[in-house]
Amino acid sequence: MTEPTRPTPKPGVMDIEAYVPGKSAAPAGVARVHKLSSNENPLGPSPKAVEAVRAVAGRLEFYPDGSATKLREAIAEVHGLNPANIVCSNGSDEILGLLAQTYLSPGDESIFTEHGFLVYKIYITAAGATPVSVKETGERADVDAILAAVTPRTRIVFLANPNNPTGTYIPFEEVRRLHAALPGNVLLVLDAAYAEYVRRNDYEAGVELVSSAQNVVMTRTFSKVYGLGGARIGWMYGPAHIVDAINRMRGPFNVTATAIEAGAAAVRDRAHVETTVAHNAEWLAWLTTELAGLGLRVTPSVGNFLLIHFPAAKKHSAALADAYLTERGYILRRVGAYGFPNALRMTVGTEDANRGVVAALAEFLKT
Ligand SMILES: *Cc1c(COP(=O)(O)O)cnc(C)c1O
């Protein structure tokens, strides 16, 4: 055997298909660009968060508090949690990766669903473990299918509830049933990135289940309802033993001073959250009705985005619709990598953006 002549990544790394973020640019000459590709808040962040960022700008020579105490306490106060059970992170992506690095070894398996968030597979593979994709039923997580995929090697089940890019959710009774049937050594990760938007009596993000179990964590983000995707802020709520393990694995200063200040101010601005959620509820309903009126199938969504399916006829494919919309400044998300080659995901935008997309799609379907 010949010696390698250059450094070689460990097994698994070159199997990773790097995450491709939503587009943000339109062709030159487009007057106004509406970015509807990454589920960002069309109203922007709380003005109080912006003010907090300005205030910290003059003190950036100082390292942040490595345990993000101010942010954990603000989150704990608003959600009625113990701050000792919270870990903050550089976006919730970081926490998802840390969970994989902490609990998965080569030979282990980790489950996610067919149209689940792509980041899970990346982190499972990066940890050297085996990703196990489980079929969904009706574009929704299927608890029986997940349970059927559990083997003695299973270590983590990742469940986005609601899921991205489908926007569907499973009632909390189903999550409980899943948890009740999982072996105690399998970690259930409830990714509740869109929890704030859900207006359903049978939905819960997972706080109670985390509090009463030793193998469940809930992850949350400031990138969606708080409009702070650029600040990179996420957090996990979990049992003490998992918090302890993650705190050993994470970077000592993984949350920036800017993120701590922005997040603490944002989470306390409940009025901004309410305004955002009300805007979303109104326009999600409007878009669902209007798009269906154009003859397009839309997956019923409880999030801040919609999955729009295009007709089988080639001339009205998702790819052509995407090009048509992009030329007019409406940037949606291709979702072929999520198993939807003929669909686009659209973030609920401003009134202007929403009306503009519907009008443009009406024109497109006449071409
Ligand atoms: C957007 C999103 C996240 C949040 O990612 P951040 O790293 O916090 O920006 C997590 N999970 C799902 C399912 C998402 O769609």
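The coordinates are above.
Quantities reported herein were computed from a predicted structural model and do not represent experimental measurements.

A.B. asks: Please explain the sheet that holds strand β9 (residues 297-299) as it appears in this structure.
C.D. replies: Across a sheet, strands are paired by hydrogen bonds formed along the backbone, either parallel or antiparallel in direction. Spatially, β9-β10-β13-β12 is the arrangement adopted by the four strands of the open sheet, whose pairing is antiparallel. Pairing within the sheet leaves two strands with one partner each, and these edge strands are β9 and β12 (333-335). When strand polarity is set aside, the average angle formed by the axes of neighbouring strands in this sheet is 35°. Two elements, β9 and strand β10 (residues 305-309), share three bridges in a ladder whose sense is antiparallel. Across the sheet, residue threonine 299 finds its bridge partner in β10, namely leucine 307. Packed on one face of the sheet, helix α10 (residues 270-293) meets β9, β10 and β13 (340-347) and runs near 5° to β10.

A.B. asks: Quick question: what am I supposed to make of the pattern of salt bridges here?
C.D. replies: One side chain can pair with another of opposite charge once the charged atoms of both are near each other. Summed over all chains, the structure comprises 16 salt bridges. The residue lysine 135 makes a salt bridge to glutamate 114 at a minimum N-O spacing of 3.3 Å. You can see lysine 135 sitting in the loop between β4 (130-134) and α5 (143-149) and its partner glutamate 114 sitting in the loop between β3 (109-113) and α4 (119-126), a full 21 residues away along the chain. According to the relative accessible area criterion, lysine 135 is exposed, its value standing at 58%. The exposure class of glutamate 114 is partly exposed, given its relative accessible area of 29%. A salt bridge links aspartate 244 to arginine 248, with the shortest nitrogen-to-oxygen separation between them at 3.1 Å. Here aspartate 244 and its partner arginine 248 are both found in helix α8 (residues 240-249), four residues apart, which amounts to about one turn of the helix. A residue is classified by how much of its surface remains accessible, and aspartate 244, at 38% relative accessible area, is partly exposed. Of the residues examined, arginine 248 reaches a relative accessible area of 64% and is grouped as exposed. When salt bridges with common partners are traced through the structure, they connect Asp144, Glu174 and Arg177 into a single cluster.

A.B. asks: Looking at this structure, I do not really get α8. What am I missing?
C.D. replies: Owing to its 3.6 residues per turn, the α-helix aligns residues three or four sequence positions apart on the same side. Buried within α8 are the following residues: Ile242, Val243, Ala245 and Ile246. Each buried residue of α8 lies within a common arc of 165° when the element is viewed along its axis, so the set occupies one face. Exposed side chains of α8 directed beyond 90 degrees from the buried face belong to Ala240 and Arg248. Packed against the buried residues of α8 are β2 (86-89), α3 (91-103), β6 (187-191), β7 (216-221) and β8 (234-237).

A.B. asks: Before we go on, may I ask you to explain the site of the ligand in this structure?
C.D. replies: Taken together, Gly91, Ser92, Asp93, Phe117, Asn164, Asp191, Ala193, Tyr194, Thr221, Ser223, Lys224 and Arg232 form the complete shell of residues around the ligand. Between an oxygen atom of the ligand and a side-chain N or O atom of lysine 224, the distance comes to 3.2 Å. A distance of 2.7 Å separates an oxygen atom of the ligand from a polar atom in the side chain of arginine 232. Protein contacts shield 94% of the accessible area of the ligand, which totals 390 Å² for the unbound molecule. If one sorts the elements of the shell around the ligand by residue count, α3 sits on top with three residues. Class assignment of the residues belonging to the shell around the ligand gives a composition of three nonpolar, five polar and four charged.

A.B. asks: How do you make sense of unusual backbone geometry when you look at a structure like this?
C.D. replies: Of all residues except glycine, most have a negative phi; of all peptide bonds, most are trans. Residues asparagine 161 and proline 162 are joined by a peptide bond in cis, for which omega reads 0°. In this structure, the amide linkage connecting asparagine 164 to the following residue, proline 165, adopts the cis form with an omega of 15°. Turning to its location among the elements, proline 165 is positioned in the loop between β5 (154-160) and α6 (172-181). Not every positive phi belongs to a glycine, and asparagine 39 is a case in point at roughly 55°. Looking at the secondary structure, you find asparagine 39 in the loop between β1 (34-35) and α1 (47-56). Look at asparagine 39 and you get buried, because its relative accessible area is 0%. The phi torsion at glutamate 139 lies on the positive side, around 60°, for a residue other than glycine. In this fold, glutamate 139 is placed in the loop between β4 and α5. For glutamate 139, a relative accessible area of 15% corresponds to the buried category.

A.B. asks: Looking at this structure, I do not really get the nonpolar core. What am I missing?
C.D. replies: It is characteristic of soluble globular proteins that their nonpolar side chains tend to be buried jointly. Grouped together as the largest cluster of nonpolar side chains are 58 residues, with contacts concentrated most on Leu71, Leu188, Phe222 and Trp235. Broken down by element, the residue count for this core peaks at six residues, all from helix α9 (residues 257-268). Shared between two domains, this core holds at least three residues of each, these being domain 1 (13-44 + 271-364) and domain 2 (47-269). With sequence-adjacent residues up to four places away left out, leucine 71 is seen in contact with Cys88, Phe222, Ile233, Val255, Ala259, Ile260, Gly263 and Ala264. If you look at the next biggest cluster of nonpolar residues, it comprises 29 residues, including Leu98, Leu99, Val189 and Leu307.

A.B. asks: I'm lost on the side chain of serine 110 in this one. Help?
C.D. replies: Examined against the element boundaries, serine 110 turns out to sit in strand β3. Of the residues examined, serine 110 reaches a relative accessible area of 0% and is grouped as buried. At 3.0 Å, the side chain of serine 110 and the backbone oxygen of isoleucine 156 are in polar contact. Apart from residues lying up to four places away in sequence, serine 110 is in contact with Leu104, Ile124, Thr130, Pro131, Val132, Ile156 and Phe158.

Rules of the game
Residues numbered from 1 in each chain as written. Predicted model: local features only at pLDDT ≥ 70, side-chain atom pairs only at ≥ 80, totals over all residues. Heavy atoms only, no water. Pairing = 2+ DSSP bridges. Helix = DSSP H or I, 4+ residues; strand = E, 2+ residues; numbered from the N terminus. Axes fitted to C-alpha atoms, helices over the stretch in contact; angles between N-to-C directions. Contact = heavy atoms within 4.5 Å. Salt bridge = Lys/Arg side-chain N within 4 Å of Asp/Glu carboxyl O. Buried < 20%, exposed > 50% of the residue type's maximum accessible area, 1.4 Å probe, protein only. Arc of directions from axis to C-beta. Near = heavy atom within 4 Å. Polar contact = N/O pair within 3.5 Å; in protein donor to acceptor, adjacent residues only side chain to side chain. Areas by Shrake-Rupley, 256 points an atom, 1.4 Å probe, with all protein chains shown as cover. Nonpolar A, V, L, I, M, F, W, Y, C, P; charged D, E, K, R; others polar. Core = buried A, V, L, I, M, F, W, Y, C linked by side-chain atoms within 4.5 Å. Domains from an automatic or database assignment.

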